[in-house]
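# Observations on the three-dimensional arrangement
The primary structure of each chain is shown beneath.
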Amino acid sequence: MTPLGSILGFGTETLDMGIIVRNVSKRFPGEKGKGEGLLAVDNASFEVPRGHLVALLGPSGSGKSTILRIIAGLEAPDSGEVMMGGKLVSGRPVHQRGVGFVFQHYALFKHATVERNISFGLEVRKWPRREIMQRVDELLELIQLKGYEDRYPSQLSGGQRQRVALARALAPRPSVLLLDEPFGALDAKVRRNLAVQLRALHKEVHTTTVFVTHDQEEAIEIADEIVVINRGRVEQVGTAAEVYDRPATKFVASFIGNVNVIEATVENGTLFIGPGRLPVGELVDTSRSGEVVALVRPEDIELVEDDATPGIECTLREIRYRGDRYEQELDLAGLAVHMVEDKTRGQTSGRRPGDRLRVRFTRYSLFEAESGHAALRRQLESLGYIE
Amino acid sequence: MRDPGRDVCGGAFAFPVLGDPAPGAPAPGGRAFLRSRGSGGAEKFLIGIVLVWFAVLVLFPLGAMVRGVIDAGFAESLRSLASPIAQHAFWLTLGITVISVVVNTFFGVILALVLARQKFAGKLLLNGVVDLPFSLSPVVAGFMFIILFGPNGWLGKWFEAGGIRVIFALPGMILATIFVTVPFVTREVVPVLQESGTEQEDAARTLGANGWQTFWRITIPSIRWGLGYGVCLTAARALGEFGAVLIVSGSVIGRTQTATSYIHQEFVDFHYAGAYAASLVLAVASFLMLVAMELMRKRVADRME
Amino acid sequence: MAIWKARRAWKARSTPGYGDLGRPLLLRAMAAGYIGFIIALPIVALSVRAFGGGLGKLWANVVRPDALYSLELTLAMAFAMVIVNVAMGTLMAWVLVRYKFPGRSLVNALIDLPFAIPTVVTGLMLVILYGPQSAVGRFMAAGGVEVIYAKPGIVLALLFVTLPFVVRSVQPVLMGLDKEMEEAAATLGANRWVVFRKVVVPSILPAVLTGAALSFSRAIGEFGSVVIVAGNIPMRTQVAAVFIYGEVESDNPQGALGVSIVLLALSFLVLIALYLLQRVGRNQDA
């Protein structure tokens, strides 16, 4: 493989900068001054360590793109500050921040050829002609579009446009690379392919990179850390394993991966679930009591075979074969709960809807139901996380 | 494309009513119910009506004018075109046109940027007023400038004191022409700006371009064909403007007489050869303008796809 | 130093994405200033002069027989033109969009020509073709029909200069018309005439009216072609614009104030009508 690091000029300590976002808020005004407008970013703080690849993950409209645009300087925050490489950049205009930005719909210059698109950032920096040509050449090689110099963006496929946009952003050797839903407009296969390429590229060049996505699988697959954002707030910052296994909030638990949202009650150190107040067993987490919400991932439900182990009595409602796994819907005293079982566990064969089973939760998280169960359910339903 | 309905600030006039709305679109004759049933007779009848109407209204008069020039004789026509009076009139018209185009291109682009990209109180009013010159009689336009810049006018007093004549002089004629051509550039550029959005400009900024570089390297190239179309409309209108300029100029022969008022004068004086020849020159000029517009409009349509 | 920093922060905040050039207030001020000087100020000056002499004087100005006649004639001619233009313009748009025939692209390309040709030239062409010296003119005169220096000539000139408006506003709507709508109506048992009336007409109506309003506003202000075709005969062929010109030429600008204000008011009305029509069209699209 070509020594990408040297080609791209990353890795030099002075250029490579971490990002700090501190207490940033941004409100978009409502129509004609009426109403309060939309609080797109609500006191968001997080850090992107130097050289890391970080995903801003959240549902559409959560404010993640706005945060990215604030880092780039395309939007000005109402309050809070952005630092790069230890320096405050909040007052610095976009074109002096030295960021590379890949737009969701690429924003390629329609009137310019591939070559002129890539060289733009170098031309406005008044690079010598010879160096520009050399640099464009390197980048065309990198994105495997040699021979496409004189094409116009309209003559390229979606994936090719995406690569040109990436090359254009990388051309001036940015200290920070920002990508706004970089694969959002592509079909699934190209998307996966490019995501893997981005990961490989980053491994090689180690420039500080932030990308926005609403696709949790994409975030888990390629990011070093994930910043989960909901309604303009940072819900959790952590590695993929951290946000998946130890969600800090109900939202994180329900947004990342599949989860059963179960209304529950804690009384005398015992957890009861559902309208039938089924006892689950001794609590591990004793910090909460009263009305709570238990979040259980489908793969964290396990069948109990021997009678010695305590388990929850339930009925199998439906069983579906999914190739590598079985998806099952259980009825826990009137509560519908999903369970996923690896095919290799093997006990599923011969099971029929209507069978009586006993299960236990190997892991679950409890959250306070501040506004009551019904309100939470409505909120999650409106966001589309539960049916 | 040019869909006035979709254009939130296309102005009351949604002006781009000109131009074949779909250049390069497949020829008609699809499966539309209203044409697919063997309607040969009715179809031919309707086509016939349209062709006859078009011939009577447009082609015959054009032909008659060419005939008129031929009848008057080429030598005679050329002689009258070469006369100092005619020469002066044409050069004056050209000068006024160039100035009007420059001024209205400059301010038209600014207006378009403001109308397409900004939100502010009073935008609806500004948007409406921009279209007014199109719906107002040019004679009334000229008359307004006489009142404003006449000897007793609000501004006329000042200019008079400074020794500058506006009315019955070149400045007034330029102002009147600028007035009647205000809407064209703006109305052509606004939809293109709205269509192309701000993403490309944002991209240029992140790549290190400052405001001017972004404007010249990104904004202008993306609106260039729409702008060119608007410039052609402005030029065509300025070349042919008659009422507004006539009334502020007083049409002093050899001094403030433009090409159109020269034609009028020659016609009134029964010098038909001069009138016909000058008319043909202007008609050819506007025809060329139309061809240029046709070419640019195709580029606009391509860009908007 | 602190002030300088604050200024920079302000700049960055006020111009996200558009930088130094896009200082929105400066651009807005330039735009508003330009329109204010070139368009609004003259209108205010005319209005102040007109209403400054008192309403009674202005009214007398409008109802002067020759002034009133010119206004009536202008409106009558404009309405006559609009009726013909709506019918023929819609038909033309229909034929150009739906049928294929030799000469189609020529007609389509030349439709805008009347807009580009100077109005004086238009008038002259019509005089050459239909005037008393021409064969057509003599033939018509023999049949007792006077075109030039008479009302038919005015309508003809107006039809010429407004030719593009109805065609060009109806054409795109017809092209965008969902053919499946017509087919659906047909499957529901509508015959061709019913389909046209119930499906096509309602869809293109806002566009037709827009074209009509554009034509109307152009017609009431038209000067160049009409002054040549109709001459300047008070109480017979003198339209409003020509009347104003005559008053100003004969050094009586006061006499032109009333008619000017009426034309100005009509222009504003047309602008408002067009604005409303545009909103209707937009709702239909959405």
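Each chain has its residues counted from 1, running along the sequence as written. For naming, the first written chain is A and the first written ligand is 1, with later ones following in the order written. Note on the predicted model: pLDDT of at least 70 is required for a residue's local features to be given, and 80 or more for side-chain atom pairs to be given and counted; whole-chain, interface and lining totals, by contrast, use all residues.

A word on the confidence of the model for chain C. Residues and elements named next belong to chain C. Considering every residue of chain C, the mean pLDDT works out to 86; 91% of them sit at 70 or more. You can read pLDDT as the predictor saying how much it trusts each residue, on a scale of 0 to 100. The way it works is that DSSP assigns letters per residue, a run of H or I at least four long becomes a helix, a run of E at least two long becomes a strand, and they are numbered from the N terminus. Least confident of the elements in chain C is helix 1 (residues 2-14), whose mean pLDDT is 39; most confident is helix 4 (residues 65-98), at 95. What counts as a contact here is a pair of residues whose C-beta atoms, placed from the backbone, lie within 7 Å. Here residues 1-22 scores under 50 on pLDDT; set against residues more than four positions off or in separate chains, the count is 35 contacts. ipTM for the predicted complex: 0.87, alongside a pTM of 0.81.

All names here are of chain B. For every element, the axis is a line fit to its C-alpha atoms; helices are fit only across the contacting stretch, and the angle between N-to-C directions ranges from 0 to 180 degrees. Two elements in contact, helix 4 (residues 84-117) and helix 8 (residues 170-180), have axes whose closest approach is 9 Å; the angle formed by their N-to-C orientations is 50 degrees. Of the possible angle classes, the one that applies to helix 4 and helix 8 is oblique. Considering only the axes of helix 4 and helix 8, their crossing is right-handed. On the side of helix 4, the interface is formed by Ile-96, Ile-99, Ser-100, Val-103 and Asn-104, while helix 8 contributes Met-173, Ile-174, Thr-177 and Ile-178. Three categories are distinguished: nonpolar for Ala, Val, Leu, Ile, Met, Phe, Trp, Tyr, Cys and Pro, charged for Asp, Glu, Lys and Arg, and polar for the others, with Gly belonging to the last. For the contact of helix 4 with helix 8, a count of residues per class yields six nonpolar, three polar and no charged. Note on angle classes: values under 35 degrees are labelled roughly parallel, values over 145 roughly antiparallel, values of 65 to 115 roughly perpendicular, and the remainder oblique. For any helix crossing, the convention is left-handed if the near helix is rotated counterclockwise from the far helix by under a right angle, and right-handed if that rotation is clockwise.

It is worth spelling out the interface of chain A and chain B at this point. As a measure of interface size, the accessible area lost when the parts come together is often cited. The interface of chain A with chain B comprises 18 residues on the first partner and 16 residues on the second. Those elements that provide at least two residues to the side of chain A that touches chain B are strand 6 (99-102) and helix 3 (114-123) of chain A. By residue class, the composition of the side of chain A that touches chain B is eleven nonpolar, four polar and three charged.

The next subject is the pairing of strand 1 (residues 19-28) of chain A. All names here are of chain A. A pair of strands is labelled paired if DSSP reports no fewer than 2 bridges between them. As paired elements, strand 1 and strand 4 (residues 79-84) share five bridges and run antiparallel to each other. Bridge pairing in strand 4 links Arg-22 to Glu-81. Pairing analysis gives seven bridges linking strand 1 to strand 2 (residues 38-48), with the strands arranged antiparallel. When the bridges of strand 2 are listed, Val-21 appears paired with Phe-46.

On to the interface of chain B and chain C. Across the contact, 99 residues belong to chain B and 94 residues belong to chain C. A per-element tally of the side of chain B that touches chain C places helix 2 (residues 40-72) of chain B first, with 16 residues.

If a strand is regular, its side chains alternate between the two faces of the sheet. All names here are of chain A. Pairing of strand 11 (residues 260-267) with strand 14 (residues 290-296) involves seven bridges; the strand directions are antiparallel. Looking at the pairing, Val-266 lines up with Gly-290 of strand 14. Bridge count for strand 11 against strand 12 (residues 270-273) is four bridges, and the pairing is antiparallel. Considered in strand 12, the bridge of Ala-264 is made with Ile-273. Here strand 11 folds back onto strand 12 in antiparallel fashion, the turn holding two residues, of which Asn-268 has a positive phi close to 50 degrees.

Moving on, we get to helix 2 (residues 24-52) of chain C. Residues and elements named next belong to chain C. Roughly 45 degrees is the biggest bend found in helix 2, and it falls at Gly-36. Once C-beta atoms are placed from the backbone, each residue is buried if 20 or more other C-beta atoms lie within 10 Å of its own, exposed if 12 or fewer, and partly exposed for counts between those two. If you check which residues of helix 2 are buried, you get Arg-28, Ala-31, Tyr-34, Ile-35, Ile-38, Ile-39, Pro-42, Ala-45, Leu-46, Arg-49 and Ala-50. Gly-54 sits one or two positions beyond helix 2 and adopts a positive phi of about 95 degrees. Think of it this way: the bend at a residue is just the angle between two axes, each fitted to seven residues, one set ending at that residue and the other starting at it.

Next up on the list: the sheet that holds strand 10 (residues 233-238) of chain A. Residue and element names in this part refer to chain A. As summarised here, the arrangement of the six strands in space is 6-7-8-3-9-10, forming an open sheet in which the pairing is mixed. Whereas interior strands pair on both sides, the edge strands pair on one side only; in this sheet they are strand 6 and strand 10. Taking each pair of neighbouring strands and ignoring which way they run, the sheet shows an average axis angle of 15 degrees. Sheet analysis places strand 3 (residues 53-57) next to strand 8 (residues 208-213), joined by five bridges and oriented parallel. Bridge pairing links Leu-57 to Thr-213 in strand 8. Relative to strand 6, helix 5 (residues 158-170) is tilted by about 170 degrees, and along the sheet it contacts strand 6 and strand 7 (176-180).

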